[in-house]
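# Breakdown of the fold
Each chain, letter by letter, is given below.
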Amino acid sequence: LKTRFAPEEFEELKKRLVKYECALDVVYTQFSNLNTYYNNFEAVNPIEHIKHRLKSPESIAGKLKKKGLPITAEQADEHLSDIAGIRVICSYAKNIYEIVEIIKNQEAFTVVSQKDYLKDAKKTGYRSYHMILEVNLGHLFGEQSCRVEVQLRTSAMDFWASLEHKVRYKYDGKIPQQLSNELQNCAEQIHALDERMYLIHKVVDMINQSEVDIDQIGY
Ligand code: 0O2
């Protein structure tokens, strides 16, 4: 049986989700502007693409249950930081740190926490940079603040995370050992590939800038 909100809680959740939708718009606009800036004023755009979503009531209920919390709108508001989420896919890990610095200096929101799973992967093999942003919704919303989770990762990390998420969902979080070993192995290989591809990118940049040949730089 699927975990669900009771009807009156569902109505309350729908009301509360409006502010998350507004906060998501605020943050998404900033990222979208950044994307437009890079496309028009820089030689290279480090952003591959940007996705955004509001967590569905079903997923919110499932997450509250997983955390052992009552399935109410108030608990969701209080304990979940990823009701509104943005995912930024970048070409290389280095780009992610550049974008993190830009985000920290935006005035539209405040960074309340950060987790660097790029440097230190999770036990599963998962890599991404996570930030929780807080957006003040202003006078109309009684100066309420609202959290938005931002996940930044490379295309390769995104590929891995999507597959792992699918496997995790299929096995209700308890992935069989042989599959989780294989996924960890893939995560390591993907990480190594990300680094090798970045090196090729750097080498070509060096060649372009100095007009030296590949043999001269000892690659
Ligand atoms: P979904 O379905 O993607 O939304 P939290 O779980 O948010 O209360 P925690 O554990 O500190 O608190 O959060 P963390 O580690 O920052 O992870 C939050 C989100 O990151 C997850 O949300 C996933 O989206 C993603 N994530 C974290 N670890 C993994 C992992 O091992 N594999 C994959 N594929 N994604 C991961 P949800 O709600 O768990 O999932």
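Definitions and cut-offs
- Residues numbered from 1 in each chain as written.
- Predicted model: local features only at pLDDT ≥ 70, side-chain atom pairs only at ≥ 80, totals over all residues.
- Pairing = 2+ DSSP bridges.
- Helix = DSSP H or I, 4+ residues; strand = E, 2+ residues; numbered from the N terminus.
- Axes fitted to C-alpha atoms, helices over the stretch in contact; angles between N-to-C directions.
- Contact = placed C-beta atoms within 7 Å.
- Near = placed C-beta within 6 Å.
- Nonpolar A, V, L, I, M, F, W, Y, C, P; charged D, E, K, R; others polar.
- Expected span 1.5 Å × (residues − 1).
- Buried ≥ 20, exposed ≤ 12 C-beta atoms within 10 Å, placed from the backbone.

## Examining the sheet that holds strand β1 (residues 47-54)
On the basis of which strands lie adjacent, the open sheet formed by five strands has the order β1-β2-β5-β4-β3 and mixed pairing. The two strands at the open ends of the sheet, each matched to only one other strand, are β1 and β3 (110-116). Taking the axes of each pair of neighbouring strands and ignoring which way they run, one obtains an average angle of 20° across the sheet. As paired strands, β3 and strand β4 (residues 129-136) are joined by six bridges and run antiparallel to one another. Across the sheet, residue Val 111 finds its bridge partner in β4, namely Leu 133. Docked against the sheet, helix α5 (residues 155-170) engages β1, β2 (84-90) and β5 (145-154), running at close to 110° with respect to β5.

## So, the site of the ligand
The environment of the ligand is formed by Ser 59, Lys 63, Ser 81, Asp 82, Lys 115, Lys 122, Thr 124, Tyr 126, His 130, Ala 161, Glu 164 and His 165. Its residues assigned to classes, the shell around the ligand shows two nonpolar, five polar and five charged.

## Topic: unusual backbone geometry
Its identity is not glycine, yet Glu 143 carries a phi of approximately 60°, on the positive side. Tracing the backbone through its elements, the reader meets Glu 143 in the loop between β4 and β5. Look at Asp 172: it is not a glycine, yet its phi comes out positive at around 55°. Structurally, Asp 172 can be placed in the loop between α5 and α6 (177-210).

## Describing α6
An ideal rise of 1.5 Å per residue puts 50 Å on 34 residues; α6 measures up with 50 Å between its terminal C-alpha atoms. Among the residues of α6, those classed as buried are Ala 187, Ile 190 and Asp 194. Those residues of α6 hidden inside the fold are in contact with α4 (93-104), β5 and α5. In the segment just after α6, Glu 211 is the residue with positive phi, at about 55°.

So far we have only geometry, and geometry alone does not tell us how the molecule works.
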